[in-house]
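Chain residues, written in single-letter form:
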Amino acid sequence: MKILHVIPQIGPEQGGLSTGTIAICRAMNSVGIKTELACLSAAEAPEGIPVQRFKPGLHLTAASPAMRDWLLKHAPDYDAIVAHVVWLNPAHYAASAAARAGIPLFLASHGMLDPDALQHHRLRKLVRWHLGVRNRIRQWTLVFTSEADRARSRSHPELEDAPCVGIPNPTDMPEQAPLPPDGEPRILCLNRLHRRKGVLQGVEALLKL
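Residues numbered from 1 in each chain as written. Predicted model: local features only at pLDDT ≥ 70, side-chain atom pairs only at ≥ 80, totals over all residues. Heavy atoms only, no water.

Regarding the overall build of the protein
Right, so step 1: A tally of regular secondary structure across the protein gives seven helices and seven strands.
Right, so step 2: The N-to-C order of helical and strand elements in the protein reads β-α-β-β-α-β-α-β-α-α-β-α-β-α.
Right, so step 3: Per-residue burial for the protein yields a buried fraction of 37% across its 209 residues. (Helix = DSSP H or I, 4+ residues; strand = E, 2+ residues; numbered from the N terminus. Buried < 20%, exposed > 50% of the residue type's maximum accessible area, 1.4 Å probe, protein only.)

Laid out in structure tokens, this is it:
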């Protein structure tokens with residue numbers, strides 16, 4: 001089996017979207033599923049994962065005619081496409097290419113359909129929702145990482161009956177991590193250190209507790 005993952009960009013500056021996608025690709029590779037990435041202007045390819053890079057066009061929508069044309073031509077080479085983007089043009093390219101090739105398309109939303117996320121740049125997302133995202137999204141199988149992610153995203157009235165699957169985020173755990181003192185609980189936080197995420201405030205609160 002050969003799976004193509006489509007994402008606007010990869011790199012540390014992209015936070016969890018990038019690292020989560022790369023982890024999913026490596027997890028698939030570990031069980032014999034061949035994976036490749038298609039993205040825009042990646043600085044360097046993740047080790048062990050072939051990457052198709054394309055020159056981006058309009059920055060606001062991540063447009064790339066080169067990516068669109070390549071996907072339409074090469075989608076039949078794959079058994080399925082996983083789009084790791086909701087609002088930008090690579091999602092539209094992946095949907096069109098998968099439909100033409102007659103292969104399944106999965107949408108890994110990475111929390112982008114959560115009610116809180118939908119309020120961020122709300123007007124821009126409403127415009128894109130009514131310009132085609134709403135129709136395309138009902139043709140995809142949504143991929144959620146947890147039951148909470150599934151429940152919150154499907155609370156949207158137009159997503160409550162959308163087909164979906166649950167696939168937890170794969171995480172590489174250190175084999176020799178130091179044990180917490182005196183049996184205290186150890187907490188693993190998967191997030192990027194951005195003020196909007198509130199991770200540092202959470203760590204400070206845990207230290208006080």
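That shown, we press on.
Quick notes on the nonpolar core
Right, so step 1: Core analysis: the biggest nonpolar cluster contains 38 residues, and Leu4, Val6, Leu71, Ile81, Trp87, Ile137 and Leu142 have the highest contact counts within it.
Right, so step 2: Of all elements in the fold, only β1 (2–6), β2 (34–40), α2 (65–74), β4 (80–83), α3 (89–101), β5 (105–108), α5 (122–137) and β6 (141–144) reach the threshold of two or more residues within this core.
Right, so step 3: Of all the elements, α3 adds the most residues to this core, at six residues.
Right, so step 4: Residues within four places of leucine 142 in sequence aside, it is in contact with Leu107, Leu113, Ile137, Ala162, Pro163, Cys164 and Val165.
Right, so step 5: In terms of nonpolar packing, the next biggest core, distinct from the first, is built from eight residues, Ile10, Ile22, Cys39 and Ile49 among them. (Core = buried A, V, L, I, M, F, W, Y, C linked by side-chain atoms within 4.5 Å. Contact = heavy atoms within 4.5 Å.)

What to know about α2
Right, so step 1: Along α2, the residues that are buried comprise Met67, Trp70 and Leu71. Axial view of α2: buried residues confined to an arc of 100°, hence all on one face.
Right, so step 2: As for α2, its buried residues are in contact with β1, β2, β3 (51–54) and α3. (Arc of directions from axis to C-beta.)

Topic: the packing of aromatic side chains
Right, so step 1: Enumeration over the complete set of coordinates arrives at three aromatic pairs.
Right, so step 2: On the numbers, 5.4 Å between centres and 55° between planes, the contact of phenylalanine 54 with tryptophan 70 is tilted. Of this pair, phenylalanine 54 sits in strand β3 while tryptophan 70 is found in helix α2, placing the two residues 16 residues apart along the sequence. We note that phenylalanine 54, like tryptophan 70, is buried.
Right, so step 3: Each ring, one from tryptophan 70 and one from tyrosine 78, has its centre 6.4 Å from the other, and the planes form 55°; the classification is tilted. Here tryptophan 70 and tyrosine 78 have matching classes, each one buried. (Phe/Tyr/Trp six-rings, centres within 6.5 Å; stacked < 30°, edge-to-face > 60°.)

Things to note about the pairing of β4
Right, so step 1: Of the two faces of β4, the one lined by Ala80 and Val82 and the one lined by Ile81 and Ala83 are each fully buried.
Right, so step 2: Where β1 meets β4, four bridges bridge the pair, whose relative direction is parallel. What sits directly across from leucine 4, in β4, is isoleucine 81. (Pairing = 2+ DSSP bridges.)

Section: the pairing of β1
Right, so step 1: The element β1 is extensively covered by neighbouring structure, given that four of its five residues are classed as buried.
Right, so step 2: Note: β1 against β2, five bridges, orientation parallel. In the sheet register, histidine 5 faces β2, and the bridge partner there is leucine 37.

Comments concerning the packing of α2 against α3
Right, so step 1: For the pair α2 and α3, interaxial distance at closest approach is 8 Å and the crossing angle is 20°. Taken together, the axis directions place α2 and α3 in an arrangement best described as roughly parallel. Read as a crossing pair, α2 and α3 show a hand that is right-handed. Only Pro90, Tyr93, Ala94, Ser96, Ala97 and Arg100 of α3 make contact with α2, whose side of the interface consists of Pro65, Met67, Arg68, Leu71 and Leu72.
Right, so step 2: In terms of residue class, the contact of α2 with α3 is built from eight nonpolar, one polar and two charged. (Axes fitted to C-alpha atoms, helices over the stretch in contact; angles between N-to-C directions. Parallel < 35°, antiparallel > 145°, perpendicular 65-115°, else oblique. Left-handed = near helix turned anticlockwise from the far one by under 90°. Nonpolar A, V, L, I, M, F, W, Y, C, P; charged D, E, K, R; others polar.)

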